[in-house]
Each structure stands twice: as C-alpha cells, then as structure tokens.
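What follows is each chain in one-letter form.
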Amino acid sequence: LHHFLTLEGLKQHHLLEILDVAKSFVDEATGTIKKVDDLHGKTIMNLFFEASTRTLTTFEIAEKRLSADVVNLNIETSSTKKGETLLDTLWNLEAMLADMFVIRHGESGAAHFFAQHVAPHIHVLNAGDGRHSHPTQAMLDMYTIRKHKGDIFDLKVAIIGDILHSRVVRSQIQALSILEAREIRIIGPKTLLPADTAALGVHVYDNMEEGLDGVDVIIMVRLQNERMQSALLPSEKEFFNLYGLNEARLAYAKPDAIVMHPGPINRGVEIDSAVADGPQSVILEQVTYGIAVRMAIMSILVKNAKELAAAQQAQNE
Ligand code: CP
C-alpha cells in the first residue's frame, strides 16, 4: 500500500494489519491513545473541500500522535477561490515539501485524481470522495465491531438508511465482505437502495422488523440530502416512521447487539435519542477509535515506503 484510496481490491491481511496496528496504539488500561514518533519529520496536509467534524479532527489528532508536522489548508480562504486549479494548488503544496495529503472532496474520484498527479514519494489518503468511498471510516467501524464482538466472520450486520448515496456504506460493505461477515443486510426504501444489490452480495429488506431480526450489529446512516435529487427526498417524519431506529425496533436485534452510526446523526430522522444515547450505542466510541485507526493507516503507509526504499537500495548495492 502506498496510497489509501479505497478498500476495493484489498486483501483480508491488509485490513487485519490495520486493525492490529490500531490496537497497538490504544492504551487499554487508560482508554487513551499513545503518542509515538512513527511520522517524526513528515509533513501532512489536510485538504478538506467538504465539511467535516469527525474525520478532519481525528486525522489531525492522529497525525500529531504520530509526531508529524500538520497543516490544515483552509479551502475557503485559499487561492482556489481566485481561480487556481486543483492541480496548481496541489503542486504548490508539494513545493512546500508535503509528504502526505489527506483529501475530502465532493467529487467521486477526487482522491484518485490527486494520487495520479502527485510526486511518487507522496502518499494520498481518501477522507471521503463524493458518494464513492470513505475507507478510513469503514476501518474504524470494523475496529469498533471487532472490539465489541470479536471476529467479524461470525456476525450478522444490518445497515439501514440512505444506502444509495452513502460513500460510508459502500466502504463498509467492502470491508465486511473482505472480512467475511456471516451476513450483510441493507434496509431502506427502494428509492434509496442501489440498483446493483445482487453484485454487492447483500441481503435486501424494506421492512425494519424483518431486517433487524437477530442481527449482532446495527449501523444507521443519515439521509444524504446534499447528494440527493429532491424527487427522491422522503419527508423526515415519514422516514422516521418507516425506518427510524427506536427502542421497539431495536428489540428485534440480538439483546447484546451494538448500535453504530458514522455521524453526523440526525435525531428523530434516522435514530431516536433514546437509542443514540442508550446502553447499546457505541457511536462515540467509533469517533475515539478513529484516531487509532487513522494512525495505523498512516504509519503503515510510511513503514511500507521505508521498507521498499531499503529493498531498492540493497538491490542497487
Ligand atoms: N463520519 C464522518 O465522515 O463525519 P464527518 O463528516 O464529520 O467527518
């Protein structure tokens, strides 16, 4: 791995390495995240062309815990507003000796585009592109599931909501498939499900009670209004009545099922506060583990590059 753009094409050992390295960064005794020097001397630039609370902040904390130098480019006050192209912006940032770019962008494929145009030594991480992919989110979700439930291959997982427009869900399904989850269910109105569900290897439900029956893990996702044609947009009240997770519906899952949500949550739209704040919710733990998982991914990329450089040097000698 040199870049981290998508989970598509990755093998089980790649994901397990990330989860194991992330675990090594968590101090189980205190519940805190360790400070290490894996990225000492490296400069990481966070380029967020779309809004973020969790991803941007946990990346920044993760970078600092790895002892990197961190730059958050404020896109709103950058020269992109004066007509500078993405590529010119990129090459100017490269000239400031960046070692890694973390990119969130509203266009699907934006991180891949950056990766194709950066100098070969620079790493690019996808922090969410359009409705395509959000691989670091899916990995922190897998970490949280493994932490609470152990091996993922034994689990039934239900993902509920606006599946069609969610980059998080695409990455979650890829991760769960690679880790061989026993059963992946998606639940939502037909208008918010992708056309190619057969190719995804998932079981499809449009009824919450049936879809939640006996599952170990429930993942709620919000209506992605910003990526939706207005004709598709259900009323929030109607959506909550049919697909909102409340305590009565939660009771259909296994008694020890965990409730997850990548955030931001919309209370009273896809999830009731009694569930979001209830004893089965691990929503805020997901946020914390995002630090360790993002540390692991960045640390592995830099370690891989060092090993490759050492191997090439040895070959040349
Ligand atoms: N889960 C997630 O991507 O949240 P943010 O948009 O706040 O980063």
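Residues numbered from 1 in each chain as written. Predicted model: local features only at pLDDT ≥ 70, side-chain atom pairs only at ≥ 80, totals over all residues.

Applied cut-off: UniProt positions are given in the numbering used here, feature names are shortened, and annotations may be inferred rather than shown by experiment.
As annotated in an unreviewed UniProt entry, the protein chain is Aspartate carbamoyltransferase from Thiosulfativibrio zosterae. Quoted verbatim from the Catalytic activity (unreviewed entry) heading of the UniProt record, the comment on the protein chain is "carbamoyl phosphate + L-aspartate = N-carbamoyl-L-aspartate + phosphate + H(+)". Its UniProt record gives the protein chain a comment under Sequence similarities (unreviewed entry), which states: "Belongs to the aspartate/ornithine carbamoyltransferase superfamily. ATCase family."

Some points on the domain arrangement of the protein chain
Many authors give the size of an interface as the accessible area that is lost as the parts come together. Note the cut-off: For every domain, the bounds stem from an assignment made automatically or drawn from a database. Any pair of residues counts as being in contact when their C-beta atoms, constructed from backbone geometry, are within 7 Å of one another. Only runs of H or I of at least four residues qualify as helices and only runs of E of at least two qualify as strands under DSSP, and these elements are numbered from the N terminus. Throughout, the ten residues Ala, Val, Leu, Ile, Met, Phe, Trp, Tyr, Cys and Pro are labelled nonpolar, Asp, Glu, Lys and Arg are labelled charged, and all others, Gly among them, are labelled polar.
When cut into domains, the protein chain gives domain 1 (12-133 + 287-316) and domain 2 (135-282). Using C-alpha coordinates to define each centre, domain 1 is positioned 27 Å away from domain 2. The interface of domain 1 with domain 2 comprises 23 residues on the first partner and 20 residues on the second. Taken together, the elements giving at least two residues each to the side of domain 1 that touches domain 2 come down to helix 1 (12-25), helix 2 (54-65), strand 6 (123-129) and helix 12 (283-316). When residues in the side of domain 1 that touches domain 2 are grouped by element, the largest group, 6 residues, is from helix 12. Grouping the constituent residues of the side of domain 1 that touches domain 2 by class yields 10 nonpolar, 9 polar and 4 charged.

Focus on the site of the ligand
The following threshold applies: Think of it this way: take the backbone, place a C-beta atom on it, and check whether that atom is within 6 Å of the molecule or strand, in which case the residue is near it.
As a structural note, the neighbourhood of the ligand is formed by Ser52, Thr53, Arg54, Thr55, Gly128, Gln137, Pro262, Gly263 and Pro264. Tallied by class, the residues present in the shell around the ligand amount to 2 nonpolar, 6 polar and 1 charged.

Concerning the sheet that holds strand 11 (residues 258-260)
The cut-off we apply is this: Being paired, for any two strands, means DSSP has found at least two bridges between them. An axis is simply a line fitted to the C-alpha atoms; with a helix, the fit covers only the stretch in contact. Between two such axes, the angle follows the N-to-C directions and lies from 0 to 180 degrees.
On the basis of which strands lie adjacent, the open sheet formed by 5 strands has the order 9-8-7-10-11 and parallel pairing. Because the sheet does not close on itself, it has two edges, and the strands there are strand 9 (203-205) and strand 11. Here the strands of the sheet are splayed against their neighbours by 20° on average, with no regard to which way each runs. Across 4 bridges, the pairing between strand 7 (residues 156-160) and strand 10 (residues 217-220) is parallel. Among the inter-strand pairings, Ile159 is bridged to a residue of strand 10, identified as Ile219. Lying over the sheet, helix 6 (residues 167-178) contacts strand 7, strand 8 (183-187) and strand 10, oriented at roughly 170° with respect to strand 7.

A look at the packing of helix 2 against helix 12
The packing of two helices is summarised by the inter-axis angle and the distance between the axes. So the rule is basically this: An angle counts as roughly parallel when it lies under 35 degrees, as roughly antiparallel when it exceeds 145, as roughly perpendicular when it falls between 65 and 115, and as oblique in every other case. Throughout, a crossing is termed right-handed when the near helix is turned clockwise from the far one, and left-handed when it is turned anticlockwise from it by less than a right angle.
It is the contact of helix 2 with helix 12, at a shortest axis distance of 8 Å, that shows an interaxial angle of 55°. Taken as axis vectors, helix 2 and helix 12 run oblique relative to one another. Like other packed secondary-structure pairs, helix 2 and helix 12 cross with a definite hand, here right-handed. Along its contact with helix 2, which presents Arg54, Thr58, Phe59, Ile61, Ala62, Glu63 and Arg65, the element helix 12 presents Val287, Gly290, Ile291, Arg294, Met295 and Met298. Of the residues assigned to the contact of helix 2 with helix 12, the class counts are 7 nonpolar, 2 polar and 4 charged.

Regarding the sheet that holds strand 4 (residues 69-73)
Backbone-to-backbone hydrogen bonds join strands into a sheet, with any given pair of strands oriented parallel or antiparallel. Taken in spatial order, the 4 strands make up an open sheet running 4-3-5-6, and their pairing is parallel. Each end of this open sheet is capped by a strand with a single partner; those strands are strand 4 and strand 6. The mean inter-strand angle of the sheet, taken between neighbouring strand axes irrespective of direction, is 15°. When strand 5 (residues 100-105) meets strand 6, the two strands line up parallel, connected through 5 bridges. What sits directly across from Met100, in strand 6, is His123. In this fold helix 2 packs onto strand 3 (43-48), strand 4, strand 5 and strand 6, with an angle of close to 180° to the strand it touches most, strand 3.

A closer look at unusual backbone geometry
The omega angle of the peptide bond from Gly263 to Pro264 is -5°, so this bond is cis rather than trans. Mapped onto the secondary structure, Pro264 falls in the loop between strand 11 and helix 11 (273-276). Of note in the backbone geometry, Ser67 takes a positive phi value of approximately 70° without being a glycine. Of note in this structure, Leu97 is not a glycine but carries a positive phi near 70°. Examined against the element boundaries, Leu97 turns out to sit in the loop between helix 3 (86-95) and strand 5.

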